[in-house]
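Chain and residue survey
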2 protein chains.
Amino acid sequence: MSYIAPIKDMLFVMKELAGLDEIGKLPGFEEATLDTAQAVLDESAKLCEAVLAPLNVEGDRNPSVWNEGAVTATPGFKEAFRQFVEGGWQGVQHPLDYEGQGLPKLIGTPCIEMLNAANLSFSLCPLLTDGAIEALLTAGSEEQKQRYVPKLIGGEWTGTMNLTEPQAGSDLALVRTRAEPQGDGTYRLFGTKIFITWGEHDMADNIVHLVLARTPDAPEGVKGISLFIVPKFHVNDDGSLGARNDVHCVSIEHKLGIKASPTAVLQFGDHGGALGYLVGEENRGLEYMFIMMNAARFAVGMQGIAVADRAYQKAVAYAKERVQSRPVDGSAKEAVTIIHHPDVRRMLATMRALTEGARALAYVAAAESDIAHRHPDEAKRAEHQAVYEYLVPIVKGWCTELSIEVASLGVQVHGGMGFIEETGAAQYYRDARILTIYEGTTAIQANDLVSRKTLRDGGAVAKQLIDRIGETIQALSAHDGAAFVSMRDRLQAGARSLAAAVGFVLSNAKRDPNAVFAGSVLYLQLAGIVLAGWQMARAMLAAAANESTDPSFYGAKIATARFYAEHVLPRAAALEVAILSAKGGEGVLALSEDQF
Amino acid sequence: MSYIAPIKDMLFVMKELAGLDEIGKLPGFEEATLDTAQAVLDESAKLCEAVLAPLNVEGDRNPSVWNEGAVTATPGFKEAFRQFVEGGWQGVQHPLDYEGQGLPKLIGTPCIEMLNAANLSFSLCPLLTDGAIEALLTAGSEEQKQRYVPKLIGGEWTGTMNLTEPQAGSDLALVRTRAEPQGDGTYRLFGTKIFITWGEHDMADNIVHLVLARTPDAPEGVKGISLFIVPKFHVNDDGSLGARNDVHCVSIEHKLGIKASPTAVLQFGDHGGALGYLVGEENRGLEYMFIMMNAARFAVGMQGIAVADRAYQKAVAYAKERVQSRPVDGSAKEAVTIIHHPDVRRMLATMRALTEGARALAYVAAAESDIAHRHPDEAKRAEHQAVYEYLVPIVKGWCTELSIEVASLGVQVHGGMGFIEETGAAQYYRDARILTIYEGTTAIQANDLVSRKTLRDGGAVAKQLIDRIGETIQALSAHDGAAFVSMRDRLQAGARSLAAAVGFVLSNAKRDPNAVFAGSVLYLQLAGIVLAGWQMARAMLAAAANESTDPSFYGAKIATARFYAEHVLPRAAALEVAILSAKGGEGVLALSEDQF
C-alpha cells in the first residue's frame with residue numbers, strides 16, 4: 001500500500017484538539033459523533049488508498065493530454081472520478097438541500113487530506129468544484145443554485161475558477177476580460193484566462209466555469225469586476241445539455257509537478273462571444289470570488305499537509321527497508337536499516353513533527369469554521385469566524401511552505417535513489433512546489449494576515465490566541481518530566497516572539513509599511529510555528545491524560561511534540577529577529593533596485 | 001545573456017577575504033597576481049556565458065540518450081567540450097609538468113563556479129575528470145601518470161569515479177566488485193557499478209574509469225578495497241587506442257534533474273573480465289579515493305554556490321521586468337515591477353546573502369588549500385591543511401543545502417510562471433536537489449566533520465576559527481552605524497552557538513554517540529552559517545575601508561552583510577537549541593522504530 005490514511009492521528013486531533021464533541025452539539029450537526037466520523041474516515045480511506053493512491057504515479061508519468069481543444073485525463077482518472085462522486089465524496093460538506101451530506105468541515109477536512117495525499121493532481125478537480133459550489137450557494141440566485149449545484153455535487157459536472165490573465169496574476173485589478181450585456185439579462189464574454197486548473201477535461205459531461213470579467217461601464221480596478229457563470233455546454237431548462245459555448249482550451253501547460261492536473265489556457269469569445277450569466281450583482285465579483293478563495297485556500301493548506309504526510313510515509317518505509325552502514329554507537333557489527341542512523345531519525349522526526357503540527361492546526365481551524373457557521377449565539381459566531389479568518393492564511397501559507405521542506409527531506413532520506421524518478425520521492429518534491437504559489441502566493445497570504453487579519457482588528461484575535469497559549473503553558477507547568485519542561489519553555493519563548501511580531505506590525509504599519517511587509521511572510525511563518533506548537537502542546541497534555549490506554553501511540557505523540565518543541569519552535573526567535581530588523585528602509589530594503 | 005559571471009564579487013572575495021596577494025607570494029604561484037586572476041576570469045566568463053550557459057536549458061530538454069550501450073550527449077555538448085578543453089580549462093589547477101596551467105586553487109575555484117553556474121550537467125564531466133587526475137597524480141605510478149594525465153588534461157579522454165553499487169551506497173564496506181590478478185600485474189574486474197556520472201558518452205575518445213574493487217584475499221570492509229584504472233578502450237604503449245575493454249553501459253537513469261549528465265549503470269566483466277590496472281598498493285583504494293573525493297566534495301560545494309547564483313540572477317531579472325500590483329507604501333498609483341514589493345526584495349536579498357556568504361567561505365577555503373600545498377614552512381602547511389579539511393565538509397554540505405533553499409526561492413519569485421518548465425526557474429530547483437546527495441550526503445559530510453575534523457584534534461581547529469571570529473568582532477566594534485552593530489551582535493551570538501555545539505560534540509561523543517550524530521547535520525549547518533557570517537563581517541570591514549572608491553558596490557556589500565546578520569545568523573541559535581536537546585536517547589531518538 002503506497003498510502004495509508006493516518007486515521008488514528010486524525011481522530012485524536014478531531015476529538016482531543018478540535019473538540020469534535022462540541023461540534024456535534026451544534027444545530028444541524030447532531031449526527032457528527034465520533035462514531036460517524038470514524039465511519040466516514042474509514043470509507044474515505046478505502047477509496048483513497050485502493051483507488052486513488054495507485055493512480056498518483058500514473059498521473060505523473062502519463063499526464064493529461066491536449067489534442068485540438070480536447071483534454072484527455074490520465075488513464076484511470078475518469079473511472080476513479082466516477083467512484084469518487086458516486087460515493088458522495090464531492091458533497092461531504094455541502095448542504096443536504098442540494099444533495100450534499102451536510103457534515104461539518106471538521107469531518108470533511110480529514111477526507112480532503114486523504115484525497116490530496118492519495119492523489120494531489122486528481123484532488124484538484126473536486127477542490128475547484130467545491131469552490132464553485134460555495135460561490136454559487138453564497139451569491140447565486142435560487143434558480144442558479146438549483147440548476148448547477150446538484151449536478152456539481154453529483155459529479156455530473158465540475159467547476160473551475162477563472163481569475164488569472166497573462167497580465168493579471170496576483171493583481172486582479174488588471175483583469176481585462178470583457179462581459180457585454182445582451183439586453184436579455186445574459187452577457188457575452190471575451191478574453192483569455194490562464195492557469196485554469198482542470199479547465200478542460202473528459203471526466204465529466206460539462207464544466208461550469210466561474211469567470212471574473214468587466215462590464216463595459218465598470219469602474220477601474222478591483223471594484224469593477226463581476227462574476228459570471230460560463231458553462232462549457234449550454235444548459236437547457238430541463239437540465240439537459242445544449243450546444244457548445246464559445247469557450248475553448250487552446251493549450252495546457254508543461255509543469256514541474258501535478259502533471260496529471262491539466263492547467264488550461266482558456267479563450268473566451270473567439271467565435272462571437274461566450275454566453276455568460278451574472279452571479280449576484282455587477283461589480284461585486286471579487287467579493288464572491290473571495291468566498292471561493294477562502295475555501296480553496298484552506299484546502300490548499302490541506303494539500304500541503306497531505307503531500308507532507310505522503311512523503312513522510314514513503315520515507316519511513318524506505319528507511320525501514322534500506323540496509324546501509326553500521327550504527328554509530330557500535331550496537332551492531334553489521335550494516336543496519338537506515339532508520340537506525342540518528343540523522344535519518346532526525347529527518348523523519350522533522351517530517352513527522354511538522355506534519356502533525358500542521359494537521360492539528362488545520363483541523364482546529366476547521367472546527368472554528370463550523371462553530372462560526374452553526375453556533376446559535378451570533379456573538380460567538382462572529383468571534384469564531386474571526387479566529388478562522390486569522391488562521392486561513394496561516395494554514396494556506398505555512399502548511400504549504402513546510403510541505404516543500406518535508407518533501408525535500410523525503411528525497412534526502414532516499415539518498416541517490418531519491419533523485420531517480422522511478423522511486424517516486426521526487427514527485428512529492430515537484431508536486432509540493434506549486435502549493436506556495438497557487439490560490440495566492442505565501443506573500444499574498446501574508447499580506448492578508450497583516451492587513452485584514454491583524455491591523456483591521458488592532459491585533460485583537462492575535463492577542464486572544466496568545467493569551468490562550470498562556471493558558472496551555474500554565475497547564476504544562478503542572479507536569480514535570482523533561483518533555484513537558486522543554487515544551488513549556490520553548491512555547492513560552494515562541495509566544496513571546498509572536499507577541500513581539502504582532503506588536504511590530506501594529507506599531508509600524510502606518511508609518512513604515514515597507515518595513516512591515518518586508519517581514520510579513522516571516523510573521524506568517526512565525527505564527528504558524530507557534531500556533532501549531534501550541535496544538536502540539538495541547539496534544540501532549542491530552543496524550544499524558546490518556547497514556548496508559550495506549551502507551552505506544554500516546555508516547556509517540558509526546559515524543560513528537562517534544563521534538564517539535566526542540567527542533568521547530570526555536571525557529572521562532574530567528575524569525576523575530578529578522579522581522580524586527582526591518583526599520584526605516586534599512587536591512588532588507590537597503591539595497592536599491594540597481595544594486596541587485 | 002542568461003548568465004553573467006559575477007567577476008567583480010569574485011575578485012573582491014579573492015583579494016580582500018582570501019588573500020590573493022599572499023597566495024601570489026607562495027613558491028610556484030608567482031604569476032598569480034590580481035591581473036592574472038582577472039584575465040583568467042574574463043576568459044573563463046566568455047566561454048561560460050556565450051557557449052555553455054545557452055546549452056543548459058537544451059540539456060534539460062534533450063538529455064543524453066542511451067542506445068544499445070552507447071550514450072549520445074545533448075546536441076552541442078560535444079562541440080562545447082572541445083572548446084572547453086582547447087581553451088585549457090581542464091588543466092587550470094593541474095601541474096605544468098603534465099600540461100596543466102599550474103594556477104592556484106583560489107584562481108581555479110571561480111572558474112569552477114562559472115562553469116557550474118553556466119551548465120551544471122556539462123560541468124560534471126570535467127569535475128569527475130579532475131578527480132581522476134588528482135587520484136592518479138597522488139597514487140599512480142610515473143608510467144600511469146604519463147600515460148593518462150596529459151590526455152585527461154587535454155580533454156582527449158575523460159575520467160570517472162566508480163564507487164557505488166546497488167547494495168553499497170554511502171557504505172563502501174559493502175563493495176563487492178571483484179578484481180582477479182592475472183599473474184602479469186594486471187587484473188580482471190567483475191561487477192556492477194551504479195550512479196556513474198558521465199560513465200558513458202561520446203564527447204571524448206576514451207573514458208578512464210577509476211574503480212573500487214576487491215582482490216580475492218582482501219580483508220573484509222573498507223580496508224580490503226583497491227583502486228583500479230579500467231579504460232573504456234585499451235591504451236597501446238604509444239598512447240593510441242586499442243580494443244574495447246569489457247566494461248559496458250547497460251542503462252542510464254531517468255532523473256529529477258541534471259538530465260544532460262548521463263548517470264550510468266556500468267557492467268564490468270560480462271565478457272571475460274574488464275582489464276584493470278592497480279593504482280598504488282592493494283587495499284589502499286579507499287584512501288586514494290578520498291583524495292578524489294575531497295577535491296570532488298569541494299567542487300560539489302561550488303556547484304551549490306553556482307546554481308544558487310544562477311537562480312538568483314534569473315529571479316532578479318524577472319523581478320525587474322514583471323509588473324504586478326501597486327506598492328504597499330502608496331508611492332505609485334500604478335502597478336510596479338515586483339522588485340518594488342518588500343517581500344520580493346526580501347526573497348532576493350536572502351538568495352543574494354546566502355550565495356555571497358557561501359562564495360566567500362569557499363574561496364577562503366580554497367586559499368587555505370593553496371597555502372597547505374605551497375607554503376615553505378611545514379608547520380604552516382599542516383596548520384592550513386587542517387583548516388582546509390575542516391572546511392571541506394562544510395563547503396560541501398552547507399553550500400549545497402542552501403542551494404536548494406535559494407533555487408526554491410527563485411521559483412517563488414517567479415510566481416505561477418516559476419512552475420511552468422519553459423520559464424527555466426524550475427530547472428535549478430530540480431538540478432540543485434542532487435547536490436546534497438552525491439559525493440556523500442549531508443549526513444556523511446556531517447559525520448566527517450564530527451569524527452575526523454572535530455573529535456580527532458579535540459576541537460582544536462574549530463576553536464582556533466572561533467578565536468579568529470573573535471578578532472573580527474573586535475574589529476567590528478571600531479565602527480559605529482547600525483549595520484556594524486547588528487553584525488557584531490549577531491556574529492557574537494553565532495560564535496557562541498558554534499562554541500556550544502563544538503563543546504557538546506566533544507563532551508558527548510564517547511558516552512552518547514547517538515546524541516551527537518543526531519545533531520551532526522545541524523552542527524554542520526550551524527558552522528556554515530557562522531563561518532560564512534564571519535566572512536560577510538570581514539567583507540563589511542573591507543567594504544567600509546574602500547567605500548568611497550565605489551559607493552554602490554561597497555554599499556551593496558555592507559547592506560548584504562547586514563541582511564545576512566539579521567536574517568541568516570539568527571538561525572544559529574535555533575540550531576544550537578536543537579543540537580543540545582539530544583541527550584541520553586531523548587528528543588530526536590525517543591521514538592522507536594515501530595512508532596514511526
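Residues numbered from 1 in each chain as written. Chains lettered and ligands numbered in written order. Predicted model: local features only at pLDDT ≥ 70, side-chain atom pairs only at ≥ 80, totals over all residues. Heavy atoms only, no water.

- If you check an unreviewed UniProt entry, chain A appears there as 3-methylmercaptopropionyl-CoA dehydrogenase from Trinickia symbiotica.
- UniProt's Sequence similarities (unreviewed entry) comment on chain A is quoted here verbatim: "Belongs to the acyl-CoA dehydrogenase family."
- In its Cofactor (unreviewed entry) section, the UniProt record describing chain A reads: "FAD". (UniProt positions renumbered as here; feature names shortened; annotations may be inferred.)

**Things to note about the packing of aromatic side chains**
- In this structure the tally under the stated criterion is 23 aromatic pairs over all chains.
- Note on B:Phe77 and B:Trp198: the rings are 6.4 Å apart at their centroids and 25 degrees apart in plane angle, and the pair reads as stacked. With B:Phe77 in helix 5 (residues 77–86) and B:Trp198 in the loop between strand 5 (186–197) and strand 6 (206–213), the pair connects residues that are 121 residues apart, well separated along the chain.
- Among the aromatic side chains, those forming a connected cluster through ring pairs are A:Phe77, A:Phe81, A:Phe84, A:Phe122 and A:Trp198.
- Sitting over the face of the ring of B:Phe29, B:Arg374 holds its NZ or CZ atom 4.2 Å from the ring centroid.
- Positioned above the aromatic ring of A:Tyr429 is the side chain of B:Arg433, whose terminal nitrogen or guanidinium carbon lies 5.7 Å from the ring centre. (Phe/Tyr/Trp six-rings, centres within 6.5 Å; stacked < 30°, edge-to-face > 60°. Helix = DSSP H or I, 4+ residues; strand = E, 2+ residues; numbered from the N terminus. Lys NZ or Arg CZ within 6 Å of the ring centre and 35° of its normal.)

**Observations regarding the pairing of strand 9 (residues 241–244) of chain A**
All names here are of chain A.
- Examined bridge by bridge, strand 8 (residues 233–235) and strand 9 share 2 bridges and lie antiparallel to one another. Bridging from a neighbouring strand, phenylalanine 233 pairs with arginine 244 of strand 9.
- Hairpin geometry of strand 8 and strand 9 is characterised by an intervening segment of 5 residues between the two adjacent antiparallel strands and by a positive phi of about 90 degrees at glycine 239. (Pairing = 2+ DSSP bridges.)

**Description of the side chain of A:Ser44**
Residues and elements named next belong to chain A.
- Structurally, serine 44 can be placed in helix 3 (residues 34–52).
- Given a relative accessible area of 2%, serine 44 falls into the buried group.
- Every residue in contact with serine 44, bar those within four places of it in the chain, is listed here: Trp89, Cys111 and Met114. (Buried < 20%, exposed > 50% of the residue type's maximum accessible area, 1.4 Å probe, protein only. Contact = heavy atoms within 4.5 Å.)

**Section: the domain arrangement of chain A**
- Looking at the assigned domains, one finds that chain A contains domain 1 (7–65 + 72–140 + 148–154), domain 2 (157–283) and domain 3 (449–586).
- Relative to domain 3 of chain A, the C-alpha centre of domain 2 of chain A lies at a distance of 41 Å. (Domains from an automatic or database assignment.)

**Quick notes on the packing of helix 13 (residues 442–455) of chain A against helix 15 (residues 482–508) of chain A**
Residue and element names in this part refer to chain A.
- Look at helix 13 against helix 15: their axes get within 11 Å of each other, and the N-to-C directions meet at 85 degrees. If you check the angle between helix 13 and helix 15, you find them roughly perpendicular. On the side of helix 13, the interface is formed by Val450, Thr454 and Leu455, while helix 15 contributes Val502, Val505 and Leu506. (Axes fitted to C-alpha atoms, helices over the stretch in contact; angles between N-to-C directions. Parallel < 35°, antiparallel > 145°, perpendicular 65-115°, else oblique.)

**Comments concerning helix 8 (residues 142–154) of chain B**
Residue and element names in this part refer to chain B.
- Along its 13 residues, helix 8 runs 18 Å from first to last C-alpha, staying within 8% of the 18 Å computed at 1.5 Å per residue.
- A maximum bend of about 30 degrees is found in helix 8 at tyrosine 148, where proline proline 150 lies one to four positions downstream.
- In the segment just after helix 8, glycine 155 is the residue with positive phi, at about 80 degrees. (Expected span 1.5 Å × (residues − 1). Bend = angle between axes of the 7 residues up to and from the residue.)

**A closer look at the relation of the copies chain A and chain B**
- Expressed as a screw transformation, the operator carrying chain A onto chain B has a rotation angle of 180 degrees and an axial translation of 0.0 Å, and the superposed copies differ by an RMSD of 0.0 Å. What we have between these two chains is a two-fold relation.
- The residues that chain A uses at the interface reappear at the interface of chain B in 100% of cases, marking a shared surface. (Least-squares fit on C-alpha atoms with pLDDT ≥ 70 in both.)

**Observations concerning the pairing of strand 6 of chain B**
Residue and element names in this part refer to chain B.
- Among the 8 residues in strand 6, 8 count as buried, and that is most of the element.
- Burial of the side chains of strand 6 extends over both faces: Asn206, Val208, Leu210 and Leu212 are buried on one face and Ile207, His209, Val211 and Ala213 on the other.
- As defined by bridge partners, strand 3 (residues 157–162) adjoins strand 6 across 6 bridges and the pair is classed as parallel. Counted as the bridge partner of tryptophan 157 is asparagine 206 from strand 6.

**Some details on the pattern of salt bridges**
- Going through the model one piece at a time under the given rule, you end up with 52 salt bridges over all chains.
- Residues A:Glu287 and A:Arg284 are paired through a salt bridge, measuring 2.5 Å at the closest nitrogen-oxygen approach.
- Here A:Glu287 falls in the partly exposed class, since its relative accessible area comes to 41%.
- In this structure A:Arg284 comes out as partly exposed when scored by relative accessible area, which is 30%.
- Its salt-bridge partner being B:Arg359, residue B:Asp9 comes within 2.7 Å of it at the nearest N-O pair. (Salt bridge = Lys/Arg side-chain N within 4 Å of Asp/Glu carboxyl O.)

**Here's the deal with the UniProt feature "domain: Acetyl-CoA dehydrogenase-like C-terminal" (unreviewed entry) in chain A**
- UniProt records the feature "domain: Acetyl-CoA dehydrogenase-like C-terminal" (unreviewed entry) at residues 466–582 of chain A, using the numbering of this structure.
- Helix makes up 86% of residues 466–582 of chain A and strand 0%, with an end-to-end C-alpha separation of 23 Å.

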